[in-house]
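# Residue-level structure breakdown
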Amino acid sequence: MSNFNHNDSAKLSVTDDEALELHRSGKPGKIEIAPTKPLTTQRDLSLAYSPGVAAPCLAIKADPAKAYEYTAKGNVVAVISNGTAVLGLGNLGALGAKPVMEGKSVLFKRFADIDGIDLEIDSEDVDEFVNCVKLLGPTFGGINLEDIKAPGCFVIEQRLRELMDIPVFHDDQHGTAIIAAAGLLNALDITGRKIEDIKLVINGAGAAAIACLDLLKAMGLPYGNAILCDTKGVIHKGREVGMNQWKSAHAIETSARTLEEAFRGADAVFGLSVKDAFSADMIRSMAKNPIVFAMANPDPEITPEEVAEIRPDAIMATGRSDYPNQINNVLGFPYIFRGALDVRASTINDEMKIAAARALADLAREEVPDEVSLAYRGRHLRYGPDYLIPTPFDPRLITHVPPAVAEAAEKSGVARQPIQNKAAYVNRLRGRLDPTASRMQQIIDRVRADPKRMVFAEGEEESAIRAAIAWHNNGLGTPILIGREESVTSVMDSMGVDIPDALEIHNARLSERNQRYAERLYQRNQRSGMLFRDCLRQVNQDRNIFGACMVAAGDADAMVTGLTRSPITVLNDIQKVIDRRVGERVFGLTIMIARDRTVLISDSMVHELPSKEELADITAQTAAFARRLGLAPRCALLSFSNFGSRQTEKTRRVLDAVTELDRRAEISGLDFEYDGEMTASVALDGDLLARYPFCRLSGPANVLIMPALHTANVSSQLLSQLGGGTVIGPLLVGLSKPVQILPMNASVSDILNLAALAADSAVTPMMAGTNDDVNDGIATAAE
């Protein structure tokens, strides 16, 4: 099982220093409280607090159900632990568990738009813990229990479910059970079995194992067909050593006494124990087409490679992200709570858990969208032995699992507010999450599946070095630092880090490639006033020139630079070496990821005052980029007027660009929405947009085409500095080779994001957004 556990995968590793830096940078921790109502004026404060707040208080007193209408209760889940079983780290105490609980809260928000509030209770006494949570109950819409050791976790959950009228869910138990059950359903389907007929062995008798057995028996697994084992062997009738009431509930009549004996003839085995608990002989002794779920973390009971060598007919799942069929709890708990909260369920019962498992299993059988498959280059995601359950970043999870859970709550009688319009509900779910965040992860996953040689041109800068190490540690490829080796090693010594074996350091002045690169540069620039000695000097002395030559010559796949020089200076250097892509403009594109939407802003780097043709080209290329991120492009060409409300030379240029797009649409068609000229407020506000019923945008714009470089640059930098979202870029679009220019204040995360985008385009370049047949002609990027 997995919940993004510590040391989850050798291919997705981070250093302790990186993790500590993330947690202490900016505002310490990972969460904050943000108001959802305006609090600017005295009137705002009077409505939100005294005296206005008295009205909802009295309404709730008269009808407690009004709390869901007048407060955030219906979208708040408490993430509660006492820290007695934190990940695989043991008993860290309440305060030691806080980073994990904050992380869990972030996952609730990231995957299901639920506000998770972490609570760490400093008590290992079951009565104290239960009483504390019970008394806090009115605050929350649900309770997620986390990292509480067995057997106390069983007692705590059972008593809280009896005492409280909101969902109480111990994810370590039921999350694992639900995902594993979904995988088992599909493994049985693929091998032609039914759950009623199989023999199942579960090794490990902790919280997750007991929950797996309980759920599978509720789904039809006969009582006598499951053998539960612990460190003392088979849990059988009459055994007295190491028993408790939860183990006794699953004791059966059997002659098997050891794990080896239990394995003989088994159709399926679940491992929820420790590394190397399963031997080769055990796997050999299983039935035809055995199903092996080795879910111990960070290392499984037996590896897929070992199983494949012993039993090539086996179907395998683990808790690790670097193997197919990861049993990852994040596939479950966000969406289960989403469905439960949306119908104001009083509990999460077996019917709801089964519905979640079946929804996950059914989703895996559907055709996988291209954008999900692309994230796993080298693997064709199609229902089968290597694809039993959806991947954690599948954007369809939000629209498949919560409706199934909500419907099960209604049918089982625990829903207090049934869904009235199922189609509208699915649309609301779809609108809760912006797809771009998951697309960014898919881009990173694509690069990890096809690692790249990445040049970090400013290789003596500490942030570049940290990013290069992270590039290597995350399995994204080979990092190449441009700099003097003694300077790089000195910086790394001061950082207290070792040089990874795969990291390359290239000193431009001493490189054996200089002559070849200089000749290439001279061929390109000899008629631009450059002598060969000028080219040789630039290759020797300019890291951007040298790094760009590496990429152009195929000695590296992509490059990031810009930490020490202005963007336009860097761009001029790069364009001495690398051409624009045929039929495209070179421009800057900024991605703004806000809480509930993503907006692309162009051109934020190159064209000072773009012509109508340039604006049209930039619009088309940005729309193509938006599609790559999974957005349906709605492009607004911006100005300071709305549809002719002010007639000036500047507004006419934008209107002429719209006319140019109309011309192209008539000739060859365009696959995106566009309109203008309009102000930013109209473009982004659906209510204002509705005042212009003739507007061709079907909803608020997600692509903003700026009328001039200064407006794009100022607005994107304001967004970056003022906060309220994540800003990526500006991205350099239109070059024939993948190079990205970093902001001078780029963080390590910024560098990695832009490097990933550059590496990804090295394999799947952007589709050209322009068409030579319909353009009047495209100037070179330098022009």
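Keep in mind that this is a model prediction, so the values were computed, not measured.

So, on to the overall build of the protein chain. Along its length, the protein chain carries 32 helices and 21 strands. Rg of the C-alpha trace for the protein chain: 29 Å, near the compact-globule value of 28 Å for 783 residues, within the 12% margin. Overall, the C-alpha framework of the protein chain stretches about 95 × 70 × 50 Å when taken along its three principal axes. Counting all 783 residues of the protein chain, 53% fall into the buried class. Placing the 83 positive and 102 negative side-chain charges of the protein chain at their respective mean positions leaves the two points 3 Å apart.

Chain-level pLDDT for the protein chain is 88 on average; 92% of the residues reach the 70-or-more range. Counting interchain partners and residues more than four positions distant, the pLDDT-below-50 stretch residues 1-11 has 51 contacts. Every residue in residues 765-783 scores below 50 in pLDDT, and together they form 45 contacts with partners more than four places removed in sequence or on other chains.

This brings us to the pairing of strand E12 (residues 477-482). With five of six residues buried, E12 is to be regarded as a mostly interior element. Here strand E11 (residues 452-456) runs beside E12; their pairing, made up of five bridges, is parallel. When the bridges of E12 are listed, methionine 454 appears paired with proline 479. The β-α-β motif built from E11, the intervening helix H21 (residues 462-473) and the parallel element E12 has right-handed crossover chirality. One ladder, built from three bridges, connects E12 with strand E13 (residues 504-506); its direction is parallel. The residue of E13 that forms the bridge with leucine 481 is isoleucine 505. What joins E12 to E13 is helix H22 (residues 485-495), and the crossover it makes is right-handed.

Geometry of a packed helix pair, given as the angle between the helix axes and the separation of the axes. Two elements in contact, H21 and H22, have axes separated by 10 Å at closest approach and are oriented at 80°. One way to sum up the angle between H21 and H22 is to call them roughly perpendicular. Residue-level contacts link Glu462, Ile465, Arg466 and Ile469 of H21 to Val488, Val491, Met492 and Met495 of H22. When its residues are assigned to classes, the contact of H21 with H22 shows six nonpolar, no polar and two charged.

Remark on secondary structure: sheet strands pair via backbone hydrogen bonds, oriented parallel or antiparallel. Strand order in the open sheet made by the five strands is E13-E12-E11-E14-E21, with parallel pairing throughout. At either end of the open sheet lies a strand with only one pairing partner, and these are E13 and strand E21 (739-741). Pairwise comparison of adjacent strand axes, ignoring direction, gives a mean angle of 20° for this sheet. Where strand E14 (residues 558-561) meets E21, three bridges bridge the pair, whose relative direction is parallel. Across the sheet, residue threonine 561 finds its bridge partner in E21, namely isoleucine 741. Strand contacts of helix H32 (residues 748-761): E11, E14 and E21, with the helix running at about 150° to E14, the strand carrying the most contacts.

All told, the structure shown has 14 aromatic pairs when counted by the stated rule. Here the aromatic rings of phenylalanine 263 and phenylalanine 278 are separated by 5.0 Å at their centres, their planes lie at 70°, and the arrangement is edge-to-face. Pair noted here: phenylalanine 263 is in helix H12 (residues 259-263) and phenylalanine 278 is in the loop between strand E8 (268-271) and helix H13 (280-284), with a separation of 15 residues, a long-range link. Residue phenylalanine 263 is classed as buried on the basis of its relative accessible area of 0%. Ring plane angle 90° and centroid distance 5.8 Å describe the contact between tyrosine 522 and phenylalanine 532, whose orientation is recorded as edge-to-face. Here phenylalanine 532 lies in helix H24 (residues 532-541) and tyrosine 522 lies in helix H23 (residues 514-525), a separation of ten residues in the sequence. With a relative accessible area of 28%, tyrosine 522 lands in the partly exposed category. The partly exposed category is assigned to phenylalanine 532, whose relative accessible area is 25%. Each residue in the set Phe108, Phe169, Phe333 and Phe337 is aromatic and connected to the rest through ring pairs, giving one cluster. Lying across the ring of phenylalanine 333, lysine 104 places its NZ or CZ 3.7 Å from the centre.

This brings us to the sheet that holds strand E9 (residues 291-294). Strand order in the open sheet formed by six strands is E7-E6-E5-E8-E9-E10, with mixed pairing between adjacent strands. In the strand order of this sheet, the two ends are held by strand E7 (233-234) and strand E10 (315-318), each with one partner. As judged from the four bridges shared by E8 and E9, these two strands associate in the parallel manner. Following the sheet pairing, glycine 271 is matched in E9 by alanine 294. Lying on the sheet, helix H9 (residues 171-190) is in contact with E8, E9 and E10; it crosses E9 at an angle near 160°. Packed onto the sheet, helix H10 (residues 207-218) meets strand E5 (200-203), strand E6 (226-230) and E8 and runs at close to 175° relative to E6.

Turning our eyes to something else, we now look at the pairing of strand E17 (residues 634-638). Taken across its five residues, E17 has four buried, putting it largely inside the fold. Summarising the sheet, E17 and strand E18 (residues 673-678) pair through five bridges and their orientation is parallel. Considered in E18, the bridge of alanine 636 is made with aspartate 675. The parallel pair E17 and E18, bridged by helix H28 (residues 649-668), forms a crossover whose chirality is right-handed. Pairing of E17 with strand E19 (residues 703-705) involves three bridges; the strand directions are parallel. Counterpart to alanine 636 in the pairing with E19 is leucine 704.

Thresholds, definitions, all that
- Residues numbered from 1 in each chain as written.
- Predicted model: local features only at pLDDT ≥ 70, side-chain atom pairs only at ≥ 80, totals over all residues.
- Heavy atoms only, no water.
- Helix = DSSP H or I, 4+ residues; strand = E, 2+ residues; numbered from the N terminus.
- Rg over C-alpha atoms; globule rule 2.2 N^0.38 Å.
- Buried < 20%, exposed > 50% of the residue type's maximum accessible area, 1.4 Å probe, protein only.
- Lys, Arg positive; Asp, Glu negative; His and termini not counted.
- Charge placed at Lys NZ, Arg CZ, Asp CG, Glu CD.
- pLDDT = per-residue confidence, 0-100.
- Contact = heavy atoms within 4.5 Å.
- Pairing = 2+ DSSP bridges.
- Right-handed = clockwise from strand over helix to strand, strands pointing away.
- Axes fitted to C-alpha atoms, helices over the stretch in contact; angles between N-to-C directions.
- Parallel < 35°, antiparallel > 145°, perpendicular 65-115°, else oblique.
- Nonpolar A, V, L, I, M, F, W, Y, C, P; charged D, E, K, R; others polar.
- Phe/Tyr/Trp six-rings, centres within 6.5 Å; stacked < 30°, edge-to-face > 60°.
- Lys NZ or Arg CZ within 6 Å of the ring centre and 35° of its normal.

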